[in-house]
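The residues making up each chain are set out below.
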Amino acid sequence: MFLMDDIVRDGDPVLRQEAKKVKFPLSADDKKLAHNLMEYLEVSQNPELCEKYKLRAGVGLAAPQVGVSKMMASVLVPNDDENEKGKPLFKDVIINPVIVSNSVQRGALTEGEGCLSVDRDVPGYVPRSARITLKYQDVDGNEHKIRLKNYPAIVCQHEIDHLHGILFYDHINKDNPFKRDDDEVFIY
Ligand SMILES: O=CN(O)C[C@@H](CC1CCCC1)C(=O)N1NCCC[C@H]1C(=O)Nc1ccccn1
Ligand code: NI
């Protein structure tokens, strides 16, 4: 199981590398990696376990963040409204993901972004596409082509950035970190 000590921090070159495509069928190691990447999110989103293992709760984790430069990331976006308790907005390990199209409209999280690999607050909006069409393979090699919007779209873009050596603060406007374009949507 991954713990915070396994998470590579900003400054380590692996976070600035272009990750390698993953071959199918997955090797035993790659299957284990996929499992462990998702397990971290599940454990970290469980308050008792999160506390027990001293984790930072996360909604995504990319392989380079645990020192493995491969095109693989786990995404687990919880559904915070009560009625659909338990059913996440999006849950999968995205392998060899490609954003095949994105909306002209931009979107950003109102509270900005952070990163488990960045141990400092970097204030500012991280402008991203408000909606994306994402193509990826799951651990069984099945191809998926899905449209995402709002928070799940933001999370996936953050993870895919990791696979290309990009960190969230690379997108923050230097002169005006909280610059708002009028057509931007802000996601809570
Ligand atoms: O590459 C992946 N990462 O760096 C983990 C990041 C990914 C998200 C950051 C913005 C979009 C994707 C992450 O999850 N966080 N960033 C740092 C600390 C907070 C934490 C977080 O947002 N936690 C959370 C949110 C809602 C519910 C439960 N937990
Ligand atoms: Ni991150």
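- The name recorded for the protein in an unreviewed UniProt entry is Peptide deformylase, from Lentilactobacillus hilgardii.
- If you open the UniProt record of the protein and go to Sequence similarities (unreviewed entry), you find "Belongs to the polypeptide deformylase family."
- Quoted verbatim from the Catalytic activity (unreviewed entry) field of UniProt, the annotation for the protein is "N-terminal N-formyl-L-methionyl-[peptide] + H2O = N-terminal L-methionyl-[peptide] + formate".

Some words on the pairing of strand E2 (residues 72–77)
- In terms of burial, E2 is largely enclosed, as 6 of its 6 residues are buried.
- The alternating pattern of E2 places Met72, Ser74 and Leu76 and Ala73, Val75 and Val77 on opposite faces, both of which are buried.
- Bridge count for strand E1 (residues 60–62) against E2 is 3 bridges, and the pairing is antiparallel. Bridge pairing in E2 links Gly60 to Val75.
- One ladder, built from 6 bridges, connects E2 with strand E3 (residues 90–102); its direction is antiparallel. Paired with Val77 across the bridge in E3 is Phe90.

Procedures and definitions
Residues numbered from 1 in each chain as written. Chains lettered and ligands numbered in written order. Predicted model: local features only at pLDDT ≥ 70, side-chain atom pairs only at ≥ 80, totals over all residues. Heavy atoms only, no water. UniProt positions renumbered as here; feature names shortened; annotations may be inferred. Buried < 20%, exposed > 50% of the residue type's maximum accessible area, 1.4 Å probe, protein only. Helix = DSSP H or I, 4+ residues; strand = E, 2+ residues; numbered from the N terminus. Pairing = 2+ DSSP bridges.

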